[in-house]
Amino acid sequence: MRHYNSRKRVLITGGAGFLGSHLCERLLGAGDDVLCADNFFTGTKDNIAHLLASPNFELIRHDVTFPLYVEVDEIYNLACPASPIHYQHDPVQTTKTSVHGAINMLGLAKRVKARILQASTSEVYGDPHVHPQTEDYWGHVNPIGVRSCYDEGKRCAETLFFDYHRQHQLRIKVARIFSTYGPRMYPSDGRVVSNFIVQALKGHPITVYGDGSQTRSFCYVDDLIEGLIRLMATPDNFTGPVNVGNPNEFTILELANKVIALTGSKSKIEFKPLPSDDPVQRQPDITLARETMNWTPSTGLDEGLRMAIDYFRMDAVHS
Ligand SMILES: NC(=O)c1ccc[n+]([C@@H]2O[C@H](COP(=O)([O-])OP(=O)(O)OC[C@H]3O[C@@H](n4cnc5c(N)ncnc54)[C@H](O)[C@@H]3O)[C@@H](O)[C@H]2O)c1
């Protein structure tokens, strides 16, 4: 289905959030008509304020746990709080956002015959027994822990996507996103990269949970957005799930030391007990993304951290 002027009409739920705002920007830049739907639970108008003047950009306050009736060609379903502090704030609402949100957006995609992409997560692998994680690994998730509202909500959303695909022939794409960082992350959402940068810039102790030997792979936001756009453009018979992340693995302690070095901070590292269900190791196998979408991340950790640090320095100046 096309608009009379042949611009693609794209709905981005959670478009005022960290990843969503970058996606809105990229798709507008590519000439699409972008409709951003957000309930501003974690997202802010500041993230998309620079886009509001564009005639091809539209913003609606909407909660995806309620149906939405709009005419679009593509849907990127990103609405969901993503950091533990935010998603554990109201865990029931988090599950509703993932599950009811998926049902509502899939229903919309079915009605208007739109392609739909789900922002899933590496959390579907839980605390993995397979390393690095490939898409055929079913995961090791605690169904009753404090992270379950997010992990199981996202797993159920994947189920719904595949059932709509099998039952209603919907054109679906499922991206399993691994830790992503960059400008517009929230300074106080407890995610490790933003935490460390803010602590270093303020000269506060850098809090490392456990002994810091747990590893993470960090993807710079521009690389991630490129991955999502390429996934949406894959042929209809490619559904994913596909891992989208940076396979370069660093320990949390290495990250802390990098942030201290790049900010020139005098902060010291402070060790605290590991929270429950915190995965020990996380690293995407991105062979599938490389082969099907010709995608690999191109931003190194030092380069990406410098851009994120610049953003947080500016943000501190303005706040
Ligand atoms: N950033 C990452 O590292 C990462 C990793 C894995 C998966 N993801 C997924 O990517 C998506 C975006 O993550 P993010 O980092 O940009 O998080 P974010 O919190 O910055 O963005 C989420 C957005 O969704 C909105 N939202 C939340 N509940 C909503 C609801 N019920 N209705 C409408 N809008 C709602 C929020 O206001 C916010 O703007 C999420 O689905 C998240 O699970 C992100």
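The structure contained in this document is the topic of the report that follows. (Residues numbered from 1 in each chain as written. Predicted model: local features only at pLDDT ≥ 70, side-chain atom pairs only at ≥ 80, totals over all residues. Heavy atoms only, no water.)

1. Here's the deal with the overall build of the protein
If you tally the helices and strands in the protein, you get nine helices and 13 strands. Here the C-alpha radius of gyration of the protein, 19 Å, is about what a compact globule of 319 residues would show, namely 20 Å. Excluding contacts between residues fewer than 6 apart, the proportion of contacts in the protein whose partners are at least 24 apart in sequence is 80%. Carbon and sulfur atoms form 53% of the exposed surface of the protein, whose accessible area is close to 14,000 Å². (Helix = DSSP H or I, 4+ residues; strand = E, 2+ residues; numbered from the N terminus. Rg over C-alpha atoms; globule rule 2.2 N^0.38 Å. Contact = heavy atoms within 4.5 Å. Areas by Shrake-Rupley, 256 points an atom, 1.4 Å probe, with all protein chains shown as cover.)

2. Some points on helix α6 (residues 221-232)
For α6, with twelve residues, the first-to-last C-alpha span of 17 Å sits near the 16 Å given by 1.5 Å per residue. Those residues of α6 that sit buried are Val221, Asp223, Leu224, Ile225, Gly227, Leu228, Leu231 and Met232. (Expected span 1.5 Å × (residues − 1). Buried < 20%, exposed > 50% of the residue type's maximum accessible area, 1.4 Å probe, protein only.)

3. Regarding the site of the ligand
Around the ligand, 30 residues are found, and the nearest of them are Leu19, Asp38, Thr42, Tyr150 and Lys154. In the environment of the ligand, an oxygen atom lies 2.5 Å from a nitrogen or oxygen atom belonging to the side chain of Tyr150. Tyr186 is positioned such that a nitrogen or oxygen atom in its side chain is 3.0 Å from an oxygen atom of the ligand. Residue assignment for the shell around the ligand shows that the elements contributing at least two residues are α1 (18-29), β5 (115-121) and α4 (148-168). Here the shell around the ligand gets three residues from one element, more than from any other, and that element is β5. For the shell around the ligand, the residue count by class is 15 nonpolar, eleven polar and four charged. (Near = heavy atom within 4 Å. Polar contact = N/O pair within 3.5 Å; in protein donor to acceptor, adjacent residues only side chain to side chain. Nonpolar A, V, L, I, M, F, W, Y, C, P; charged D, E, K, R; others polar.)

4. Some details on the sheet that holds strand β11 (residues 242-244)
Spatial strand order, β3-β2-β1-β4-β5-β6-β11: seven strands in an open sheet with parallel pairing. With one partner strand each, in any of the chains shown, β3 (57-61) and β11 form the two edges of the open sheet. Put simply, the sheet's adjacent strands are angled 20° from each other on average, direction ignored. Where α1 meets the sheet, it contacts β1 (9-13), β2 (33-38), β3, β4 (74-77) and β6 (172-177), and its direction lies at approximately 170° from that of β1. Sheet strands in contact with helix α3 (residues 91-112) are β1, β4, β5 and β6, and its direction is about 175° off that of β4. (Pairing = 2+ DSSP bridges. Axes fitted to C-alpha atoms, helices over the stretch in contact; angles between N-to-C directions.)

5. Brief notes about the pairing of β1
Taking burial as the measure, the five residues of β1 include five buried ones, the bulk of the element. Side chains of β1 alternate between two faces, with Arg9, Leu11 and Thr13 and Val10 and Ile12 buried alike. Where β1 and β2 come together, five bridges link them in parallel fashion. Residue pairing across strands places Ile12 opposite Cys36, the latter belonging to β2. In terms of handedness, the path from β1 via α1 over to β2 forms a crossover that is right-handed. Taken together, the four bridges between β1 and β4 define a ladder with parallel strand orientation. Across the sheet, residue Val10 finds its bridge partner in β4, namely Glu74. (Right-handed = clockwise from strand over helix to strand, strands pointing away.)

6. Details of the pattern of salt bridges
Counted under the stated rule, the structure contains 16 salt bridges. For Arg166, the salt bridge is made with Asp163, and the minimal N-O distance between the two is 2.9 Å. Remark: Asp163 and Arg166 occur in helix α4; sequence separation between them is three residues, near one turn of the helix. Through salt bridges that share partners, Lys8, Asp32 and Glu74 make up one connected network. (Salt bridge = Lys/Arg side-chain N within 4 Å of Asp/Glu carboxyl O.)

7. Regarding the environment of Pro67
Following the sequence through the fold, Pro67 ends up in the loop between β3 and β4. For the pair Pro67 and Gly107, spaced 40 residues apart in the sequence, the C-alpha separation amounts to 8.2 Å. The contact partners of Pro67, leaving out residues within four places of it in the chain, are His62 and Asn104.

8. Considering the nonpolar core
Formed by 57 residues in total, the largest nonpolar core has its most connected members in Tyr76, Tyr181 and Leu305. Tyr76 has contacts with Val10, Leu11, Ile12, Thr13, Leu23, Leu27, Leu117, Leu228, Ile229 and Met232, leaving out every residue within four places of it along the chain. The next biggest cluster of nonpolar side chains, apart from the first, holds 26 residues, and it includes Leu11, Val112, Leu170 and Val174. (Core = buried A, V, L, I, M, F, W, Y, C linked by side-chain atoms within 4.5 Å.)

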